[in-house]
Amino acid sequence: MDRKDERRMFWWLEEWQLAEQEAWLTSMSTAGWHLVRTNIGRATFRRGKPEDFRYRCDVFKAGDWSEQDRLSLYQEAGWEHVANRGLVQIFRSPASAAIPEIHTDPVEHVRNIRKLLPGRLASSLLAFLVTVGLALLYRFRTAEAILSTDLLTVIIILFMLGWVLLSFGALLQVLRYMKRVRGQLASTQPVDWRRQMRRRQLSGVLLILVFALVWGDRITGIVSKTPDFPPIPDSDLPVVRLSQVLDSEQYAKASPYTGFYKNKGDVFNYYRQEGSLLVPEQHYLAEAMLVTKATEPAGATIMLHVDAYRAISPRVANLLAANLAQKRPRAISRSSLPLPPANETHGFDGLWLLETQSQYDLIAWQGNWVYYLSYSGTGSLERIIQVLRSVL
């Protein structure tokens, strides 16, 4: 058969929308397109003479031996079994033929429709549990949530909330439809299948856009030739540098420490910029140098990691600093222990400090800015705080 005589269409209507499916298939036959088979999410129509068919949907498992009598009874009455969508069996008959209706007992029809509830309930619970799980995950990682909440994240959050609302809304629609059938009102209500289909099409387009944004961003990151650890530029940067912490003589005699990580840049000497809706400016720098001063062991390494964040408000900056002090992203040469509040703030709005052997980890909050600094090697805490004060 010529492919022009066949049309494949997305089955935008959900399986529980029985009346809408019946009205849609009837409209297609009136236009000369008759259903021949179904696939996952699709319907295949064959061109033919426009005919006035009645389509009816019933809910049962056609392959179940206990339902063979029902299927045979419908077929003997003149209903052609065309296809199925899971538990939804699709029948048709000429509208002009004196063939009795399938749905004559509202109580039995409601009993059949009730078979769709477990699947719909499972879908609603899945949407709810996934959304709650993500919310709990980010609740315990507040700092990461603040730093990564960009437009894409907001879109995903809205999509998850929409998924939950639509899932539970569909469950309520099934219950409402069952109530209408039980009250023998289903046949007297006009069926606006076009409106329901447009809603589903809009949901499908939004879903495609969300996936395109998510995976497009991931693919761009994979194929991008930009190293994960770009080199430090020569220009002035809004972060603390080793040249500011070390005295001039020590810095002049030190040599850069080199090392590479999976061919994606020097993990010990790099500078990167990022941003989010709540923290539009995010600066990351790592520096490492080999000390050659006579007072130090030969080949001793001094390492500095500093992250500078400019939040949209002091309140967000305070929240970010307090959460970074408790739970921070893991990084090389940084302590994983919580940073307690310092006994003295040294003029900052907030200061958290942890000193272990020859390493300092501190978080300073001043206005909209938060600095998270880790330093290992020679040097005094007073010098580091003095440099931070000058930067802020």
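Keep in mind the model is a prediction, meaning the values are calculated, not measured.

Cut-offs applied
- Residues numbered from 1 in each chain as written.
- Predicted model: local features only at pLDDT ≥ 70, side-chain atom pairs only at ≥ 80, totals over all residues.
- Heavy atoms only, no water.
- Helix = DSSP H or I, 4+ residues; strand = E, 2+ residues; numbered from the N terminus.
- Buried < 20%, exposed > 50% of the residue type's maximum accessible area, 1.4 Å probe, protein only.
- Lys, Arg positive; Asp, Glu negative; His and termini not counted.
- Salt bridge = Lys/Arg side-chain N within 4 Å of Asp/Glu carboxyl O.
- Polar contact = N/O pair within 3.5 Å; in protein donor to acceptor, adjacent residues only side chain to side chain.
- Contact = heavy atoms within 4.5 Å.
- Pairing = 2+ DSSP bridges.
- Axes fitted to C-alpha atoms, helices over the stretch in contact; angles between N-to-C directions.
- Arc of directions from axis to C-beta.
- Phe/Tyr/Trp six-rings, centres within 6.5 Å; stacked < 30°, edge-to-face > 60°.
- Patch = residues over 30% accessible without salt bridge, like charges linked within 9 Å, V, L, I, M, F, W, Y side chains within 5 Å.
- Areas by Shrake-Rupley, 256 points an atom, 1.4 Å probe, with all protein chains shown as cover.
- pLDDT = per-residue confidence, 0-100.
- Charge placed at Lys NZ, Arg CZ, Asp CG, Glu CD.

With respect to the helices and strands, the residue Asp361 is situated in strand S12 (residues 359-366). Arg334 provides the closest opposite charge to the buried, unpaired Asp361, separated from it by 5.1 Å. There is a polar contact of 2.5 Å between the side chain of Asp361 and the side chain of Ser374. Among all residues touching Asp361, those that are not within four sequence positions of it are Arg334, Ser335, Leu339, Trp352, Leu353, Leu354, Tyr372, Leu373 and Ser374.

Strands in a sheet are paired, the pairing made by backbone hydrogen bonds, and the direction either parallel or antiparallel. One open sheet holds the three strands; their spatial order is S4-S6-S5, and the pairing between them is antiparallel. Of all strands in the sheet, those with a lone pairing partner are strand S4 (53-59) and strand S5 (80-85), marking the two edges. The average undirected angle you get between the axes of adjacent strands in this sheet is 25 degrees. Pairing geometry for S5 and strand S6 (residues 88-94), over five bridges, is antiparallel.

Residues of helix H3 (residues 106-113) that are buried: Pro106, His109, Val110, Asn112 and Ile113. Considered in projection along H3, the buried side chains sweep an arc of 160 degrees and stay on one side of the axis.

The strand order across the open sheet built from three strands is S1-S3-S2, with neighbouring strands paired in antiparallel fashion. Whereas interior strands pair on both sides, the edge strands pair on one side only; in this sheet they are strand S1 (6-10) and strand S2 (33-39). In this sheet, adjacent strand axes meet at a mean angle of 30 degrees when their direction is disregarded. Alignment of S1 against strand S3 (residues 42-47), held across five bridges, turns out to be antiparallel. When the bridges of S3 are listed, Met9 appears paired with Ala43.

So, on to the packing of aromatic side chains. By the definition in use, this model includes eleven aromatic pairs. Ring geometry for Phe229 versus Tyr270: centroids 4.9 Å apart, planes at 65 degrees, classification edge-to-face. Note that Phe229 is positioned in the loop between helix H7 (193-223) and helix H8 (242-245) and Tyr270 in strand S8 (residues 270-274), a separation of 41 residues in sequence. The pair formed by Phe229 and Tyr270 is uniform in burial state, with each residue classed as buried. Ring geometry for Tyr284 versus Tyr309: centroids 5.8 Å apart, planes at 75 degrees, classification edge-to-face. Note that Tyr284 is positioned in strand S9 (residues 281-290) and Tyr309 in strand S10 (residues 301-310), a separation of 25 residues in sequence. Both residues of the pair, Tyr284 and Tyr309, count as buried.

A separate point is the pairing of S4. Counting buried positions along S4 yields seven of seven residues, so the element is predominantly enclosed. As defined by bridge partners, S4 adjoins S6 across seven bridges and the pair is classed as antiparallel. What sits directly across from Val59, in S6, is Val88.

Glancing now at the side chain of Glu287. Mapping Glu287 onto the fold places it in strand S9. In terms of polar contacts, Glu287 uses its side chain to reach the side chain of Arg241, at 3.0 Å.

This part covers a nonpolar patch on the surface. On the surface, Leu121, Leu125, Phe128, Leu129, Val132, Leu136 and Phe168 cluster together to form a nonpolar patch covering roughly 570 Å² of accessible area. With six residues, helix H4 (residues 117-139) is the largest single contributor of residues to the nonpolar patch. Turning to its location among the elements, Leu136 is positioned in helix H4. For Leu136, a relative accessible area of 40% puts it in the partly exposed group.

When pLDDT is averaged along the chain, the result is 83; 88% of the residues meet or exceed 70. Mean pLDDT across the elements of the chain bottoms out in H7 (73) and peaks in helix H10 (residues 314-326) (94).

Before going further, it helps to examine a positive patch on the surface. A contiguous patch of positive charge, built from Arg194, Arg195, Arg198 and Arg199, is present on the exposed surface. For Arg195, the location among the structural elements is in helix H7. Owing to a relative accessible area of 45%, Arg195 belongs among the partly exposed residues under this scheme.

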